[in-house]
There are 4 protein chains.
Amino acid sequence: MFNINITSDKPIYEQIIDNIKELSLKNILKPDDKLPSVRQMASMLSVNPNTVSKAYQELERQKIIHTVRGKGTFISIPADYPIDSDRIIKSLESLRTICIELGHLGFHKEKIFKEIEKIYCDIEKEG
Amino acid sequence: MFNINITSDKPIYEQIIDNIKELSLKNILKPDDKLPSVRQMASMLSVNPNTVSKAYQELERQKIIHTVRGKGTFISIPADYPIDSDRIIKSLESLRTICIELGHLGFHKEKIFKEIEKIYCDIEKEG
Amino acid sequence: MFNINITSDKPIYEQIIDNIKELSLKNILKPDDKLPSVRQMASMLSVNPNTVSKAYQELERQKIIHTVRGKGTFISIPADYPIDSDRIIKSLESLRTICIELGHLGFHKEKIFKEIEKIYCDIEKEG
Amino acid sequence: MFNINITSDKPIYEQIIDNIKELSLKNILKPDDKLPSVRQMASMLSVNPNTVSKAYQELERQKIIHTVRGKGTFISIPADYPIDSDRIIKSLESLRTICIELGHLGFHKEKIFKEIEKIYCDIEKEG
DNA sequence: GTGGTCTAGACCACC
DNA sequence: GTGGTCTAGACCACA
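So, how was this worked out
Residues numbered from 1 in each chain as written. Chains lettered and ligands numbered in written order. Predicted model: local features only at pLDDT ≥ 70, side-chain atom pairs only at ≥ 80, totals over all residues. Heavy atoms only, no water. Contact = heavy atoms within 4.5 Å. Buried area = accessible area lost by both parts, 1.4 Å probe. Salt bridge = Lys/Arg side-chain N within 4 Å of Asp/Glu carboxyl O. Polar contact = N/O pair within 3.5 Å; in protein donor to acceptor, adjacent residues only side chain to side chain. Nonpolar A, V, L, I, M, F, W, Y, C, P; charged D, E, K, R; others polar. Domains from an automatic or database assignment. Least-squares fit on C-alpha atoms with pLDDT ≥ 70 in both. Near = heavy atom within 4 Å. Helix = DSSP H or I, 4+ residues; strand = E, 2+ residues; numbered from the N terminus. Buried < 20%, exposed > 50% of the residue type's maximum accessible area, 1.4 Å probe, protein only.

Asker: What is the right way to look at the interface of chain C and chain B in this model?
Answerer: Accessible area lost during the coming together of the parts is what is often quoted as the interface size. Taken together, the contacts link four residues of chain C with four residues of chain B. Buried area between chain C and chain B, both sides added, is near 330 Å², and the carbon and sulfur share of it is 23%. The interface formed by chain C and chain B includes two salt bridges. In this structure, the connection of chain C to chain B is made through two residue pairs in polar contact (both at pLDDT 80 or more). A breakdown of the residues in the side of chain C that touches chain B according to their chemical character gives no nonpolar, no polar and four charged.

Here is the structure:
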């Protein structure tokens with residue numbers, strides 16, 4: 001279920017975040033589903049609990065999960081208006097950077113569209 | 001011409017790389033155009049020459065620029081078959097991650113397509 | 001273990017690269033073995049950490065080593081298909097240049113073969 | 001006849017040296033043949049005369065060519081005993097380094113032998 | 001003039 | 001603890 005690559009240049013805590021976001025978007029993790037505890041998750045993934053903790057904190061900050069003291073951590077109901085304009089701006093900048101990079105790698109607009117179709121095809125497969 | 005943000009979390013040398021890639025894709029920097037020398041660029045950007053040098057070296061590895069000994073650094077002619085499959089895989093993974101992130105921010109497929117149209121509109125404006 | 005000659009005309013970071021490649025080919029450094037940390041290696045060789053870092057980064061680009069975040073740097077398992085055709089072309093050009101140079105120094109084909117036998121004898125001694 | 005690549009990482013003056021050594025070994029340039037003057041060579045190759053001059057000086061130091069004042073520069077008769085042991089040691093070290101590099105690129109002894117056969121095949125073609 | 005290498009020393013993110 | 005980035009300033013080879 002979780003893809004973690006300790007060799008990757010991407011920090012492990014970010015990979016955990018990405019995994020949970022993906023499972024949530026795919027509706028495999030649904031609102032009010034309980035996440036494994038920090039320690040369970042850490043031993044599942046063979047990583048340091050601090051790393052998992054950092055991921056959970058960031059996800060909480062982004063209102064994707066929330067913690068109930070003494071109960072555990074749960075997937076949140078997506079807000080209608082996230083309006084975290086900083087994150088939007090950053091994401092759109094990243095999108096721009098990647099389009100440029102892909103441009104240099106021979107991917108032009110239509111080819112990028114096709115790749116995105118593929119990604120959505122995968123994301124919406126479940127649900 | 002160059003947008004560098006010293007306070008950004010993205011390393012300066014990567015920002016330089018991104019800027020040059022963008023200018024090259026926009027055809028503002030054309031093949032055989034001379035880039036500012038390492039020292040010129042460094043003083044333009046108020047940055048250490050080593051930082052510029054690192055950016056140039058990475059761009060050279062990616063065959064986007066090349067150096068002529070004692071003369072300077074020049075934009076290369078795009079190769080017909082670059083195909084650095086590692087870079088392609090990484091870029092497509094980033095694209096996937098960003099689509100998921102944008103999904104959580106309320107951007108679904110059609111909205112992402114519109115954003116990419118905007119990006120291409122900007123890139124191809126010159127030419 | 002490591003032969004570094006500060007007065008050599010060959011850059012120190014390249015000498016470090018060559019040393020690690022040799023130890024790896026001799027199987028003295030085996031896959032998953034941990035390399036000394038950048039700082040350890042730097043103090044071992046009485047060299048600046050940045051210089052070691054540059055060597056490690058180049059070795060990583062060549063997929064001979066890889067880093068695990070927060071853990072250190074490790075010898076990689078040789079890929080089945082590395083095939084960096086640029087590096088192969090460059091190496092064969094160097095081989096050609098050296099054969100010509102050795103030709104001028106009185107080494108002809110058979111004598112070069114004998115030298116290579118010696119080199120392989122040394123490389124395969126361990127293992 | 002001359003292959004010079006100003007984009008190469010190898011200094012131009014070394015490329016000139018390599019070219020002349022190769023032509024000499026192939027016996028296309030024979031003892032007592034006159035080389036183009038520094039200026040002729042420079043304009044032939046579109047390089048700076050200083051660069052050609054540096055190459056000629058190094059070739060003279062290696063006793064591969066010699067200058068007759070007022071007459072020009074000529075290919076020397078190969079000495080029976082070059083005994084430039086420094087150059088021999090350096091060349092054999094380079095040979096070793098390249099064998100190791102080629103080892104990492106999937107070329108083992110027999111394959112290297114084959115490459116050398118190819119090189120000699122090319123060198124001795126003329127004669 | 002150009003880029004390439006190296007040092008000493010600092011700060012940071014990640015685990 | 002690890003590696004990654006950056007600075008300031010030096011020296012060198014090449015053209």
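That was the structure; now back to the text.
Asker: I would appreciate a short explanation of the domain arrangement of chain A in the present structure.
Answerer: Residues and elements named next belong to chain A. Partitioning chain A into domains gives domain 1 (12-80) and domain 2 (85-126). Using only C-alpha atoms to locate each centre, domain 1 and domain 2 end up separated by 24 Å. Between domain 1 and domain 2 lies a buried interface of about 480 Å² when both sides are counted; carbon and sulfur atoms form 56% of it. For domain 1, the biggest contributors to the area lost against domain 2 are Leu25, Lys26 and Gln62; these three give 75% of the whole. On inspection of domain 1 and its partner domain 2, the count reaches one salt bridge. Note that lysine 26 is salt-bridged to aspartate 122, the shortest N-O span being 3.8 Å. On the surface where domain 1 and domain 2 come into contact, there are one residue pair in polar contact (both at pLDDT 80 or more). Its residues assigned to classes, the side of domain 1 that touches domain 2 comprises three nonpolar, one polar and three charged.

Asker: When you look at the relation of the copies chain B and chain A in this model, what are you seeing that I'm missing?
Answerer: Here the second copy of the chain follows from the first by a rotation about an axis and a shift along it. Of the transformation superimposing chain B on chain A, the axial component is 0.1 Å and the angular component is 179 degrees, with the fit at an RMSD of 0.3 Å. A rotation of that kind, with that shift, is consistent with a two-fold axis. Both copies present the same face, since 100% of the interface residues in chain B are matched by interface residues at the equivalent positions in chain A.

Asker: Which parts of the structure should I look at to understand the protein's contact with DNA strand F?
Answerer: B:Ile12, B:Tyr13, B:Asn48, B:Thr51 and D:Ile12 are the nearest of the 25 residues found near DNA strand F. The contact in question runs from a base nitrogen of DNA strand F to an N or O atom on the side chain of B:Asn48, over 2.6 Å. Between DNA strand F and the protein, one listed contact pairs a base nitrogen with a side-chain N or O atom of B:Asn50 at 2.8 Å. Of all the elements in the fold, those that place two or more residues in the surface near DNA strand F are helix 1 (12-25) and helix 3 (49-61) of chain B, helix 2 (38-45), helix 3 (49-61) and strand 2 (72-75) of chain C together with helix 1 (12-25) and helix 3 (49-61) of chain D. Among the residues making up the surface near DNA strand F, the classes are represented as eight nonpolar, 12 polar and five charged.

Asker: What is the right way to read the relation of the copies chain C and chain B from this model?
Answerer: The two copies are related by a screw motion: chain C maps onto chain B through a turn of 180 degrees and a shift of 0.0 Å along the axis, at an RMSD of 0.0 Å. Of the residues that chain C buries at the interface, 100% are likewise interface residues in chain B, meaning the two copies contact each other through the same surface.

Asker: Looking at this structure, how should I read the environment of A:Met1?
Answerer: All names here are of chain A. As for its placement among the helices and strands, methionine 1 is situated in the segment before helix 1 (12-25). Note on methionine 1: relative accessible area 74%, which makes it exposed. The spatial distance from the C-alpha of methionine 1 to the C-alpha of cysteine 121 is 18 Å, given a sequence separation of 120 residues. When near neighbours in sequence (up to four residues on either side) are disregarded, methionine 1 contacts Asn19, Leu23 and Ile28.

Asker: Which parts of the structure should I look at to understand the protein's contact with DNA strand E?
Answerer: Around DNA strand E, a shell composed of 25 residues is seen, among which A:Ile12, C:Ile12, C:Tyr13, C:Asn48 and C:Thr51 lie nearest. The sugar-phosphate share of atoms of DNA strand E within 4 Å of the protein amounts to 68%. Between B:Ser37 and DNA strand E, the recorded distance is 3.2 Å, taken from a side-chain N or O atom to a phosphate oxygen. Between a phosphate oxygen of DNA strand E and a main-chain N or O atom of B:Val38, the distance comes to 2.8 Å. Contributing elements (two or more residues each) for the surface near DNA strand E: helix 1 and helix 3 (49-61) of chain A, helix 2 (38-45), helix 3 and strand 2 (72-75) of chain B together with helix 1 (12-25) and helix 3 of chain C. Residue composition of the surface near DNA strand E, grouped by class: eight nonpolar, 12 polar and five charged.

Asker: I keep staring at the pattern of salt bridges and nothing clicks. Help me out?
Answerer: One side chain can pair with another of opposite charge once the charged atoms of both are near each other. Considering all chains together, one arrives at 44 salt bridges over all chains under this definition. The salt bridge partner of A:Arg61 is A:Glu58, with a shortest N-O separation of 3.1 Å. Note that A:Arg61 and A:Glu58 are positioned in helix 3 at a spacing of three residues, about one turn of the helix. For D:Arg87, the salt bridge is made with C:Glu101, and the minimal N-O distance between the two is 3.2 Å. Of this pair, D:Arg87 sits in helix 4 (residues 85-104) while C:Glu101 sits in helix 4 (residues 85-104), placing the two residues on different chains. Here D:Arg87 and C:Glu101 have matching classes, each one buried. Shared partners join several salt bridges into a network, and the residues in it are A:Glu22, A:Lys26, A:Asp122 and B:Arg96.

Asker: I would appreciate a short explanation of the environment of C:Arg96 in the present structure.
Answerer: Note that C:Arg96 resides in helix 4. Owing to a relative accessible area of 22%, C:Arg96 belongs among the partly exposed residues under this scheme. C:Arg96 sits 61 residues away from C:Leu35 along the chain, and the two C-alpha atoms are 33 Å apart. When residues no more than four places from it in sequence are discounted, the contact partners of C:Arg96 are D:Glu22, D:Lys26, D:Ile119 and D:Asp122.

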